[in-house]
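Below are the chains, spelled out letter by letter.
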Amino acid sequence: YEDWRERVYPEDLPAVEALFWGTLEKKLPDWHIEYRIVRADDGEVRWIESNHHVFYDAQGAPLRTVGAVMDITERKRSEEALKLGEERLSLALKAGAIGTFDLDIPTGKHFLTEKACAIFGLPLSKSTSAYEDWRRCIHPGDVSDCEAKIQDAYEHRLEEFSVQYRILRADTGELRWVESTVRIFYDAEGAPLRLIGT
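Everything numeric in this text was worked out from a predicted model, so none of it was measured.

Q: What's the story with a nonpolar patch on the surface in this structure? I'm lost.
A: A cluster of nonpolar side chains, contributed by Phe55, Leu63 and Val66, occupies part of the molecular surface with about 270 Å² of accessible area. You can see Leu63 is positioned in strand E3 (residues 62–71).

Below is the structure:
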């Protein structure tokens, strides 16, 4: 046990031991955790996933634990890189006053970020709304052009398109110009399924 304990990364040791001893105290059959180790041969820090089953005697005293460990360092690095990329994107969107949206075409459900709601003057309760809520914000003189642009993209199976149009903010009625850049996803038959954009 001490040999294993020495290999656990110091910052992770309290959580790992708390789970291990807590499993035994509660007489639970299994325990699972992801944590870092320091390799004995070269001192490299690696992530592992550890799954164990505990065997108890008739009185409930723990006898032994049998388990398997798997090196998940590359997965953890990928997750960290993805998280960093998402944080950078979030900062860029915030700095650029950019909102994003996601439209499920078959259902007409529209998902808006907080910034997208703010641009259109919609309350946060409308972050999950209907296509019609967005359409009502478009200046009446631009509705037909916007919808024609969308239909043209569908008909030509475009993957991306951009459109500029005027809106009347839902809260104040203020006239604003916006630009939407959209990515379209299609099903196997070529029918549009989803729009994601800024």
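Q: For this particular structure, what's the right way to read the sheet that holds strand E2 (residues 45–56)?
A: Strand pairing in a sheet is mediated by backbone hydrogen bonds. Such pairs are either parallel or antiparallel. Strand order in the open sheet made by the three strands is E1-E2-E3, with antiparallel pairing throughout. Edge positions in the open sheet fall to strand E1 (30–38) and E3, since each of these has one partner strand only. Taken over all neighbouring pairs, the strand axes of this sheet differ in orientation by 30° on average, direction set aside. Contacting E1, E2 and E3, helix H2 (residues 13–25) runs over the sheet at an angle of about 155° to E1.

Q: Explain helix H6 (residues 143–155) here, please?
A: Between its first and last C-alpha, H6 extends 18 Å over 13 residues, near the 18 Å set by a 1.5 Å rise per residue. Each element contacted by the buried residues of H6 is listed here: helix H5 (131–137), strand E7 (160–168), strand E8 (175–186) and strand E9 (192–197). Downstream of H6 by one or two residues, Arg157 has phi in the positive range, about 50°.

Q: Explanation requested: the pairing of E1 in the structure shown.
A: Consecutive residues of a regular strand have side chains that alternate between opposite faces of the sheet. Looking at chain direction, E1 and E2 are connected through nine bridges and run antiparallel. Within the sheet, the bridge partner assigned to Val38 lies in E2 and is Val45. Hairpin connection of E1 to E2: six residues between the antiparallel strands, including Gly43 at a positive phi of 75°.

Q: Hey, could you run me through the environment of Gly43 in this one?
A: With respect to the helices and strands, the residue Gly43 is situated in the loop between E1 and E2. For the pair formed by Gly43 and Asp171, sequence separation is 128 residues and the distance between their alpha carbons is 59 Å.

Q: When you look at the sheet that holds E7 in this model, what are you seeing that I'm missing?
A: Spatially, six strands are ordered E6-E5-E4-E9-E8-E7 in an open sheet, and the strand pairing comes out antiparallel. With one partner strand each, in any of the chains shown, strand E6 (128–130) and E7 form the two edges of the open sheet. Strand-to-strand twist across the sheet, computed as the mean angle between neighbouring axes with direction ignored, equals 30°. Taken together, the nine bridges between E7 and E8 define a ladder with antiparallel strand orientation. Pairing of Glu160 across the sheet is with Arg183, part of E8. Taken strand by strand, H6 contacts E7, E8 and E9, and its axis lies near 165° from that of E7.

Q: How do you make sense of unusual backbone geometry when you look at a structure like this?
A: For residues besides glycine, phi is generally negative; the peptide bonds are generally trans as well. Phi at Lys27 takes a positive value of approximately 55°, unusual for a residue other than glycine. In this structure, Lys27 sits in the loop between H2 and E1. Judged by its relative accessible area of 47%, Lys27 falls in the partly exposed class. Not every positive phi belongs to a glycine, and Arg157 is a case in point at roughly 50°.

Q: Sorry if this is basic, but what is going on with H2 here?
A: For an α-helix, 3.6 residues make a turn, and residues three or four places apart therefore share a direction. In this model H2 runs 18 Å from its N-terminal to its C-terminal C-alpha over 13 residues, within 8% of the 18 Å that 1.5 Å per residue would give. Taken together, the buried positions of H2 are Leu13, Val16, Glu17, Phe20, Gly22, Thr23 and Leu24. Its buried side turned inward, H2 meets helix H1 (2–7), E1, E2 and E3. Of the residues trailing H2, Lys27 is marked for its positive phi of about 55°.

What counts and how
- Residues numbered from 1 in each chain as written.
- Predicted model: local features only at pLDDT ≥ 70, side-chain atom pairs only at ≥ 80, totals over all residues.
- Heavy atoms only, no water.
- Patch = residues over 30% accessible without salt bridge, like charges linked within 9 Å, V, L, I, M, F, W, Y side chains within 5 Å.
- Areas by Shrake-Rupley, 256 points an atom, 1.4 Å probe, with all protein chains shown as cover.
- Salt bridge = Lys/Arg side-chain N within 4 Å of Asp/Glu carboxyl O.
- Helix = DSSP H or I, 4+ residues; strand = E, 2+ residues; numbered from the N terminus.
- Pairing = 2+ DSSP bridges.
- Axes fitted to C-alpha atoms, helices over the stretch in contact; angles between N-to-C directions.
- Contact = heavy atoms within 4.5 Å.
- Expected span 1.5 Å × (residues − 1).
- Buried < 20%, exposed > 50% of the residue type's maximum accessible area, 1.4 Å probe, protein only.

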